[in-house]
Amino acid sequence: MSGHTTLAPAGTAAKRKEARTVILSSYLGSTIEFYDFLLYATAAAVAFPKVFFAGTDEWVGVVAAYATFAAGYVARPLGGIIFGHFGDKVGRKGMLIISMAMMGIASTLIGLIPGAGVIGPWGAVILVLLRVCQGIAVGGEWGGAALMALEHSDPKRRGFAASFVNAGAPTGAVLGTLVMGAFSALPQDAFLAWGWRVPFLLSFVLLIVGMFVRLRVSESPIFAEAVAKEEAQGTKRKIPLLDVLRRPKALIMIIFAGAAGFGLQVVLPTFSVTYAVSKGAPQQGVLYAFAGASAISIVFVLLGGRLSDRFGRRPVMIAGLALFIAYLFPMFGMLGSGNVALVFVAFTVALILHSSLYGPLAAFVSEQFGTTSRYTGAAVGYQLATLIGAGFTPGIIAGLYKDSGQNILPVVVFLSVMALVSIVFIALTRESKNNDLTTVR
């Protein structure tokens with residue numbers, strides 16, 4: 001054996017192993033959280049209008065169901081503030097455990113809500129309250145998971161490491177859509193009576209798995225070092241939210257830079273599913289088409305993060321949005337074909353293009369803030385972006401589609417303008433891939 005072989009120091013090997021464990025736990029945790037959160041989107045498209053808004057016009061029921069869907073996005077910034085504050089004060093790990101427990105319990109309870117035929121409008125009220133709990137939970141989950149992956153990883157691979165958190169969203173979408181799709185094969189009466197509930201009840205099983213994973217990881221070393229440094233210097237700990245708001249430019253830029261990514265993302269499992277089914281494609285086939293496309297996109301989310309480590313966050317994100325704008329008309333053309341194969345192609349290409357934005361986004365957002373306010377800044381900024389971009393988009397475009405006599409042009413125009421706004425704000429935001437995360441600013 002050559003005498004020139006160099007082995008990595010034991011400490012370095014241990015750090016790499018720990019980083020891999022943390023990244024895996026962030027990915028699995030994010031998958032479980034988004035299974036719960038995005039499962040609601042699928043149910044809002046195929047079950048909630050008939051279960052909780054029975055007796056209304058078909059598209060009126062759809063718009064009403066999407067309004068309850070929006071409640072989760074309204075609550076996400078609140079979750080970012082609450083969990084971000086304690087995550088920056090106490091630590092990342094504990095907040096992740098609490099957020100997962102909150103999400104799992106809320107999702108399980110959604111599966112137990114009686115329909116409008118049993119308790120009338122109170123079913124919709126309870127649905128909204130539990131959706132708010134989901135929103136608060138996922139609002140705290142994302143920031144902690146992204147920061148744990150980011151702060152444990154090699155500085156030159158931060159985009160790739162953090163992209164695993166965002167890869168949890170399509171993975172959760174695949175899992176949720178497959179489960180809901182399987183139960184949608186039941187006769188319509190059985191599906192609406194109890195079939196749609198089972199995927200939500202399975203959340204409790206996923207909660208147990210997620211807790212096992214979460215409890216095995218260590219606290220962020222960058223956060224621990226920053227806290228120790230402040231204590232050694234006798235520095236008084238600031239209120240993280242006030243620290244972020246004192247320099248609001250970074251917050252404003254990332255909110256509008258990320259908004260279109262969430263708007264385009266949420267259109268696919270909500271309005272696009274409903275649109276494809278209304279044009280004659282079988283419901284189960286459409287759900288499976290979306291699940292298959294989401295599975296393919298997981299690889300491309302990670303690729304987007306990796307490309308951003310090489311070329312920068314901004315160029316990769318802008319390219320993805322520009323291509324998505326050009327693709328909108330062909331996408332809706334295929335979705336409206338009534339052909340499941342074309343619907344699958346439409347979803348696949350859309351999600352691949354979206355991955356160019358979504359892969360680098362976790363690192364792009366988190367790198368804008370200092371260590372002792374990073375959880376708050378990243379979580380609040382990211383969740384406000386989801387609120388603006390995704391919270392009301394399904395309801396708005398469903399309304400535009402209904403009011404225009406079911407013309408797809410207003411939908412395409414709305415989504416294109418949203419994407420152009422984000423392109424401008426991404427271009428105006430400073431490149432962050434070489435930022436020093438140990439700097440407390």
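Residues numbered from 1 in each chain as written. Predicted model: local features only at pLDDT ≥ 70, side-chain atom pairs only at ≥ 80, totals over all residues. Heavy atoms only, no water.

Going by what an unreviewed UniProt entry lists, the chain is known as MFS transporter and is assigned to Arthrobacter sedimenti. In its Subcellular location (unreviewed entry) section, the UniProt record describing the chain reads: "Cell membrane". (UniProt positions renumbered as here; feature names shortened; annotations may be inferred.)

Comments concerning the overall build of the chain
Helix and strand counts for the chain stand at 19 helices and zero strands. At 21 Å, the chain has a C-alpha radius of gyration in line with the 22 Å of a compact globule built from 441 residues. In terms of overall dimensions, the chain has C-alpha extents of about 70 × 55 × 45 Å along its principal axes. When each of the 441 residues of the chain is scored for burial, the buried share is 57%. A sequence separation of at least 24 residues applies to 86% of the contacts in the chain between residues at least 6 apart. (Helix = DSSP H or I, 4+ residues; strand = E, 2+ residues; numbered from the N terminus. Rg over C-alpha atoms; globule rule 2.2 N^0.38 Å. Buried < 20%, exposed > 50% of the residue type's maximum accessible area, 1.4 Å probe, protein only. Contact = heavy atoms within 4.5 Å.)

Points about the pattern of salt bridges
Tallied over the entire structure, the rule returns 11 salt bridges. Glu 151 is paired through a salt bridge with Arg 374; the nearest N and O atoms lie 2.9 Å apart. Of the two residues, Glu 151 sits in helix H6 (residues 122–152) while Arg 374 sits in helix H17 (residues 374–391), which places them 223 residues apart along the sequence. In this structure, Glu 151 and Arg 374 share a single accessibility class: buried. Arg 306 is the salt-bridge partner of Asp 309, the closest N and O atoms lying 3.7 Å from each other. Here the residue Asp 309 and the residue Arg 306 both occupy positions in helix H14 (residues 283–311), the gap between them amounting to three residues, near one helical turn. We classify Asp 309 as buried; its relative accessible area is 10%. (Salt bridge = Lys/Arg side-chain N within 4 Å of Asp/Glu carboxyl O.)

Points about the layout of surface pockets
Here the largest pocket defines a volume of roughly 670 Å³. If you go around the largest pocket, you meet 23 residues; those closest to its centre are Lys 15, Ala 19, His 152, Ser 153 and Asp 154. When residues of the lining of the largest pocket are traced back to their parent elements, those giving at least two are helix H1 (10–46), H6, helix H7 (158–184) and helix H11 (221–233). In terms of residues, the lining of the largest pocket owes the most to one element, H1, which gives six residues. (1 Å grid on protein atoms, 1.4 Å probe; cavity = no way out; pocket = protein on both sides within 12 Å on 5 of 7 lines; lining within 4 Å. Points joined across faces, edges and corners; volume = space filled by probe spheres on them.)

Considerations on H17
Taking 1.5 Å per residue, 18 residues should reach 26 Å; H17 reaches 23 Å between its end C-alpha atoms and fits that length. Most of H17 is tucked away, with 16 of its 18 residues classed as buried. (Expected span 1.5 Å × (residues − 1).)

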